[in-house]
Amino acid sequence: MDTLNPTLLVRHLGRADYEPVWRMMQQFTDQRGTDTVDEIWLVEHPPVFTQGLAGKAEHVLAAGDIPVIQVDRGGQVTYHGPGQIVAYPLIDLRRHGIGVKSLVNGIEQAIIDTVAQYGVTAQRKNKAPGVYVDGAKIASLGLKIRKGCSFHGLAFNIAMDLEPFQRINPCGFSGLEVIQLADLAPQVNFATVEQQLINAFCQQLKFTAEHQNAA
């Protein structure tokens, strides 16, 4: 591993409610200094819909018993639930010498490289951030940049109940098909995919991972 690359602290949060983690991201970003080590948080959320800053209420078709939280990231409505890898890169972009576009491309490429290890070919889409397989969305992306630092991040469908996506127009697109890796590569292991994703992310964004489990 290239020790010249800066450290990225990988925090494994396990399963945690959405809103407290979101508030922690805001606090981390507001309080970080010029020497604060960049981090990426890995988490699974209980079922929740999150609506981005530009989110339109009509894209929530029938939330039912799943809460809808208005948040401060870009993008429209998406769903988080168990069996989905959610990763939040908390990166000082200016210090790392990259722009938002490079971060987005790096995240997308990391997911593309991860699914390629299972023989799955994925693509980007113009003007529709995220990762797609034959037009169906396997991963969503929504970021917030504050003081040149990123928070929020990606949601990568691994092995989950996809039914709640039918209750929304995912990312604002009516009729958009949503898929998961387990349907394309049976017997995937959630923890293994997490590790592959982090490895690919660090390769793309030139970091060295240092793992820390939740207390």
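Residues numbered from 1 in each chain as written. Predicted model: local features only at pLDDT ≥ 70, side-chain atom pairs only at ≥ 80, totals over all residues. Heavy atoms only, no water.

(A) The arrangement of the sheet that holds strand 10 (residues 208–213) in detail. Sheet architecture is open: 7 strands sit in the order 7-8-9-6-2-1-10, paired in mixed fashion. Where the open sheet ends on each side, the last strands, each with one partner, are strand 7 (131–133) and strand 10. If you compare each strand with its neighbour and ignore which way they point, the axes differ by 15° on average. The pairing of strand 1 (residues 7–15) with strand 2 (residues 38–44) spans 7 bridges and is parallel. By the bridge assignment for strand 2, R11 is matched with W41. The strands touched by helix 1 (residues 18–31) within the sheet are strand 1, strand 2, strand 6 (84–90), strand 8 (136–146) and strand 9 (149–157), with strand 9 carrying the most contacts at an inclination of about 150°. Lying over the sheet, helix 5 (residues 190–205) contacts strand 1, strand 2, strand 6, strand 9 and strand 10, oriented at roughly 30° with respect to strand 6. (Pairing = 2+ DSSP bridges. Helix = DSSP H or I, 4+ residues; strand = E, 2+ residues; numbered from the N terminus. Axes fitted to C-alpha atoms, helices over the stretch in contact; angles between N-to-C directions. Contact = heavy atoms within 4.5 Å.)

(B) How the structure looks around the pattern of salt bridges. Overall, the coordinates contain 10 salt bridges when judged by the stated rule. The shortest N-O distance in the salt bridge between R23 and E19 comes to 3.3 Å. With R23 and E19 both in helix 1, this residue pair falls 4 residues apart, about one helical turn. A residue is classified by how much of its surface remains accessible, and R23, at 39% relative accessible area, is partly exposed. One network of salt bridges, in which partners are shared, links D30, D72 and R146. (Salt bridge = Lys/Arg side-chain N within 4 Å of Asp/Glu carboxyl O. Buried < 20%, exposed > 50% of the residue type's maximum accessible area, 1.4 Å probe, protein only.)

(C) The arrangement of the sheet that holds strand 3 (residues 48–51) in detail. The sheet built from 3 strands is open, its strands ordered 4-3-5 with mixed pairing. Bordering the open sheet on either side are strand 4 (68–70) and strand 5 (78–80), each of which pairs with just one other strand. Each strand axis lies, on average, 30° off the axis of its neighbour in the sheet, ignoring direction. Judged from the 3 bridges that link them, strand 3 and strand 5 form a sheet pairing that is antiparallel. The residue of strand 5 that forms the bridge with F49 is Y79.

(D) Main features of the state of the cysteines. Enumeration over the complete set of coordinates arrives at 0 disulfides. Among the cysteines around C149, which has no disulfide bond, C202 carries the closest sulfur, lying 17 Å off. The class of C149 is buried, set by a relative accessible area of 4%. (Disulfide = S-S within 2.5 Å.)

(E) Examining the packing of aromatic side chains more closely. Taken as a whole and assessed by the stated rule, the structure comprises 4 aromatic pairs. On the numbers, 6.0 Å between centres and 70° between planes, the contact of F28 with W41 is edge-to-face. Taken together, the residues F28 in helix 1 and W41 in strand 2 connect sequence positions 13 residues apart. With a relative accessible area of 4%, W41 lands in the buried category. Here the aromatic rings of Y79 and F165 are separated by 5.4 Å at their centres, their planes lie at 80°, and the arrangement is edge-to-face. (Phe/Tyr/Trp six-rings, centres within 6.5 Å; stacked < 30°, edge-to-face > 60°.)

(F) View of the environment of G14. Position of G14 among the secondary structure elements: in strand 1. On the basis of relative accessibility, which here comes to 39%, the residue G14 falls in the partly exposed class. Along the sequence, G14 and K56 sit 42 residues apart, while their C-alpha atoms lie 30 Å from each other. Apart from residues lying up to four places away in sequence, G14 is in contact with L42, V43 and E44.

(G) Local environment of the pairing of strand 8. Buried residues dominate strand 8, accounting for 8 of its 11 residues. Examined bridge by bridge, strand 7 and strand 8 share 3 bridges and lie antiparallel to one another. Among the inter-strand pairings, V131 is bridged to a residue of strand 8, identified as A139. Where strand 7 folds back on strand 8, the antiparallel hairpin that results is connected by 2 residues, among which D134 adopts a positive phi of roughly 50°. As judged from the 8 bridges shared by strand 8 and strand 9, these two strands associate in the antiparallel manner.

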